[in-house]
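# Chain and residue survey
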Amino acid sequence: MSTLTKPDFTQWSCPLPLRDYPSIVLGHGGGGQLTSELIEHIFVPAFRNTTLEAMADSSVLAPPAGRLAFSTDSYVVQPLFFPGGSIGDLAVNGTVNDLSMSGATPLYLSAGFILEEGFPLSHLAAIVDRMASAARTAGVQIVTGDTKVVEKGHGDGCYINTSGIGVISNDVHIDPARARPGDVVIVSGTIGDHGMAIMSVREGLEFETVIESDTAALNGLVASLLPFAPHLHVLRDPTRGGLASSLNEIAAQSRVGIVLDECSLPVLPDVQAACDLLGMDPVYVPNEGKLVAVVDPLVAESVLVQMQEHEHGRNAAIVGTVTEQHAGMLAARTAIGGTRIIPQQIGEQLPRIC
Amino acid sequence: MKYLDEFRDGELARHLAREIRQTATRQWAIMEVCGGQTHSIVRNGLDRLLEGAVEMIHGPGCPVCVTPLELIDKALAIASQPDVIFCSFGDMLRVPGSTKDLFRVKAEGGDVRVVYSPLDALQIARQNSDRQVVFFGIGFETTAPANAMAVHQAKLQDLSNFSMLVSHVLVPPVIEAIMNSPACRVQAFLAAGHVCSVMGYWQYYPLVERYQVPIVITGFEPLDLLEGIRRTVHLLEAGTPQLENAYERAVSFEGNQTAQKLLSQVFEVADRSWRGIGEIPRSGWKLRDAYRNFDAEHRFSVSEIRTQEPTLCHSGEVLQGNLKPNECPGFGNECTPRHPLGATMVSTEGACAAYYNYGRFVALDSIR
């Protein structure tokens, strides 16, 4: 569990200091003084930038050269703090990664909070702190935001929505429909870490070792790959539904088949053991700091080496190929030399009884 | 990983598969009875690896698949009650009853929780003394000891707000039912290793004797399964119907006697309905009268709920290997993994679901 940093109440000069309310009350979403205090004491100091500090109804941004990428995602993870990260890290990194997967350089984020009455301010401050730190690491600015408060019992502590804007250079065309037969599939590291980290704390399972979430912003890694741009056909971050969902979607959108070589899939031993215990398959388990790239075979080795030199791609591996056969489907050569299909899941993966 | 990686060695697996293919002079029809084995076979592509030498018939060993519709309806009725916390293993939540599944009940406000052990449900009962906590106790002999322990503990601790909806089923009676079916194509069985680790394997000698059918106790990792199949094929080729134990590291002749003692204390043998197959005499367990107070069917008076299985579904014949899934009129039409009519389409381990997902794959050979 990550450490919670309390807001520094002694530095506050507000006539009605927040110390009177150690947790969120309905008034914090009412648009009055309490809302202003939340903004002044928690959000602005953490996210500090001139656009945000203008405190206008909307942020005014100069249009960058190139094409715009725009993405939004909502974060409802439980628990809010887990080994390796928090909802705050996910809210920034998730949207940064969605932008990055179209080859965009992420620039600006919005942050919308839905807080439940009674939610401790110290937790909110810790989440906001993690968001600010993640934004600094990713080099993006949080330039606009919103807070609403729902009655006790109508929320799960804290929900966050972030939207993001990025810019794509005109010579970059990364698209899930661009995979072509012969292309090589590369993942940037071990799969299943985030999902099993969440499972291990959410379900009250007591594993002997701590599995940490892989949450990370991948825009730096993507930037290092952009020199290969014409040969970089598809990028996806395999979050919900894991690697299997991303590759099934690519196969469907590009009308190609994809064959994974299971032996080459990087999986941490602890994650594999936890999956075995619960009857789950790592290819369906979510990741929050990994990408899968489909690239022209000409550059596959160079892309792999480039990834492995980056801190978020050290365990990158070539894991499969794109084929003309069985268009729209994902198959795998199993470790023992058999073959199987990896279908799209109907819902989320459930632990099996047997 | 100790005791796992050793049994997933690709080189050894290919060696075993080669031996099986070389030994088989014809294609043999072998049924694995356990859903866990079906999962491992499909997951590792063993069925395709052995094509031509062995046809694996996926038996009725997935407890999720064989739980009768009527019992699911009872579970849904109980879980919908306002003061109930309904606890279940995860994969039961998606199994459809007549009108909905447990996910729907949860969405409609029911307190449905996924647990990993019946003892977790017991813990929830202790923490919520003002609520009724019900555990959905399904499964074969493998999950039964933990369920028996939960009920036993509840009685010892006088936990009046805990009860169990029991639908335990047993392997030997269903093997018998399959062998008694006039159209039976099964030539040998892989017996479920984990069931045998609890019950021992002495129960299977009479089956081998009566039906002159080889039975090999088999584990779950790829090498375990290949070794079980290898031994079975040798027995079939030699024409010697025998019982062999290919899972010696977990299974003994007597089994786990402590567990068996508890099981016979808590449960008694009863007739059971199997989804898609129908009633099989003496094929399950129910709570003994001494534990009747912990029987959810008794506590929530749901015994009047009566549900007929859909007539379109032929899963019983599929489970016996008499009908290929895609030969069923409902297959892919009224019956799909999203809207399953019967047992075998419900779980990803079911033969119909496996066929739906994998069977339409025409060019699989090209990736060998």
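Residues numbered from 1 in each chain as written. Chains lettered and ligands numbered in written order. Predicted model: local features only at pLDDT ≥ 70, side-chain atom pairs only at ≥ 80, totals over all residues.

This part is about the overall build of chain A. Scanning chain A from terminus to terminus reveals nine helices and 13 strands. Since a compact globule built from 354 residues should have a radius of gyration of about 20 Å, the 21 Å found for chain A is in line with a globular shape. In terms of overall dimensions, chain A has C-alpha extents of about 70 × 55 × 35 Å along its principal axes. Within chain A, the proportion of its 354 residues that are buried is 51%. (Helix = DSSP H or I, 4+ residues; strand = E, 2+ residues; numbered from the N terminus. Rg over C-alpha atoms; globule rule 2.2 N^0.38 Å. Buried ≥ 20, exposed ≤ 12 C-beta atoms within 10 Å, placed from the backbone.)

Let us now look at the domain arrangement of chain A. Residues and elements named next belong to chain A. Taken domain by domain, chain A comprises domain 1 (21-168) and domain 2 (184-341). Between domain 1 and domain 2, the C-alpha centre-to-centre distance is 28 Å. Facing 22 residues of domain 1, the contacting portion of domain 2 comprises 25 residues. Only helix H3 (87-100), strand E4 (105-116) and helix H4 (121-138) provide two or more residues apiece to the side of domain 1 that touches domain 2. The element that contributes the greatest number of residues to the side of domain 1 that touches domain 2 is H3, accounting for eight residues. Counted by class, the side of domain 1 that touches domain 2 contains 10 nonpolar, 10 polar and two charged residues. (Domains from an automatic or database assignment. Contact = placed C-beta atoms within 7 Å. Nonpolar A, V, L, I, M, F, W, Y, C, P; charged D, E, K, R; others polar.)

Residues and elements named next belong to chain B. Along its sequence, chain B is carved into domain 1 (16-63 + 171-245) and domain 2 (67-168 + 255-299). Centre-to-centre, using C-alpha coordinates, domain 1 lies 29 Å away from domain 2. Each partner contributes residues to the interface: domain 1 has 15 residues there, and domain 2 has 16 residues. Mapped by element, the contributors of at least two residues to the side of domain 1 that touches domain 2 are helix H9 (171-180) and helix H10 (193-199). With six residues, H10 is the single largest residue contributor to the side of domain 1 that touches domain 2. A per-class count over the side of domain 1 that touches domain 2 returns 11 nonpolar, four polar and no charged.

Take helix H9 (residues 300-309) of chain A next. Residues and elements named next belong to chain A. Of all the residues in H9, the buried ones are Ala300, Val303 and Met307. End-on view of H9: buried residues confined to an arc of 65 degrees, all on one side of the axis. Turned more than 90 degrees from where H9 packs its buried face, Val305 and Glu309 sit exposed. On its buried side, H9 packs onto strand E7 (184-187), helix H6 (219-225), strand E10 (292-295) and strand E11 (317-323). (Arc of directions from axis to C-beta.)

All right, on to the sheet that holds strand E1 (residues 28-32) of chain B then. Residue and element names in this part refer to chain B. The strand order across the open sheet formed by five strands is E2-E1-E7-E8-E9, and the pairing between neighbours is parallel. Looking at which strands have only one partner, the edges of the open sheet turn out to be strand E2 (54-58) and strand E9 (243-245). Pairwise comparison of adjacent strand axes, ignoring direction, gives a mean angle of 25 degrees for this sheet. Here four bridges tie strand E7 (residues 188-192) to strand E8 (residues 215-218), and the two strands are oriented parallel to one another. In the sheet register, phenylalanine 189 faces E8, and the bridge partner there is isoleucine 215. (Pairing = 2+ DSSP bridges. Axes fitted to C-alpha atoms, helices over the stretch in contact; angles between N-to-C directions.)

So, about the nonpolar core. Counting residues in hydrophobic clusters, the biggest one holds 122 residues, and the most contacted among them are Val134, Phe189 and Ala191 of chain B. Each of domain 1 (16-63 + 171-245) and domain 2 (67-168 + 255-299) of chain B gives at least three residues to this core. Once residues lying within four places of it in the same chain are set aside, the contact partners of phenylalanine 189 of chain B are Met31, Val33, Ile175, Val213 and Ile215 of chain B. Core analysis: the second largest hydrophobic core is formed by 101 residues, Met101, Val271, Ala331 and Ile342 of chain A among them. (Core = buried A, V, L, I, M, F, W, Y, C linked by C-beta atoms within 7 Å.)

On to unusual backbone geometry, then. Residue and element names in this part refer to chain A. Each neighbour pair has its own omega, and for glutamine 78 with proline 79 the value is -5 degrees, a cis peptide bond. Looking at the secondary structure, you find proline 79 in the loop between strand E1 (67-75) and strand E2 (81-82). We note that arginine 255 has phi near 55 degrees; this positive angle belongs to a residue other than glycine. Inspection of the secondary structure assignment puts arginine 255 in the loop between helix H7 (242-254) and strand E9 (257-261). With phi around 35 degrees, histidine 326 is a residue other than glycine that occupies positive phi space. Following the sequence through the fold, histidine 326 ends up in the loop between E11 and strand E12 (330-333). Judged by the 21 C-beta atoms lying within 10 Å of it, histidine 326 is buried.

This paragraph deals with the sheet that holds strand E6 (residues 158-168) of chain A. Residues and elements named next belong to chain A. With mixed pairing, four strands are arranged side by side in an open sheet as E1-E6-E4-E5. Among the strands making up the open sheet, the edge pair consists of E1 and strand E5 (141-150). The average angle at which neighbouring strand axes cross in this sheet is 15 degrees, direction not considered. Sitting on the sheet, H4 is in contact with E4, E5 and E6, with an inclination near 175 degrees to E4.

Here we come to the environment of proline 83 of chain A. All names here are of chain A. Tracing the sequence through the fold places proline 83 in the loop between E2 and strand E3 (85-86). Overall, the presence of 16 C-beta atoms within 10 Å leaves proline 83 in the partly exposed class. With 117 residues separating them along the chain, proline 83 and serine 200 place their C-alpha atoms 9.2 Å apart. Sequence-distant contacts of proline 83, that is, excluding residues within four places in its chain, are made with Ala197, Val201, Val210, Ile211, Glu212 and Ser213.

Here we take up the pairing of strand E10 (residues 267-274) of chain B. All names here are of chain B. As defined by bridge partners, E10 adjoins strand E11 (residues 278-287) across seven bridges and the pair is classed as antiparallel. Among the inter-strand pairings, glutamate 268 is bridged to a residue of E11, identified as lysine 286. The turn linking E10 back onto E11 is made up of three residues, and glycine 276 within it adopts a positive phi angle of 85 degrees.

With that out of the way, let us pick up H7 of chain A. Residues and elements named next belong to chain A. Compared with the 18 Å implied by 1.5 Å per residue over 13 residues, the 19 Å span of H7 between its first and last C-alpha is a close match. Among the 13 residues of H7, 10 are classified as buried, and the element is accordingly described as predominantly covered. Buried within H7 we find Gly242, Leu243, Ala244, Ser245, Ser246, Leu247, Asn248, Ile250, Ala251 and Ser254. Considering only its buried residues, H7 is in contact with E7, helix H5 (193-202), strand E8 (232-236), E9, E10 and E12. One or two positions beyond H7, positive phi appears at arginine 255, with a value near 55 degrees. (Expected span 1.5 Å × (residues − 1).)

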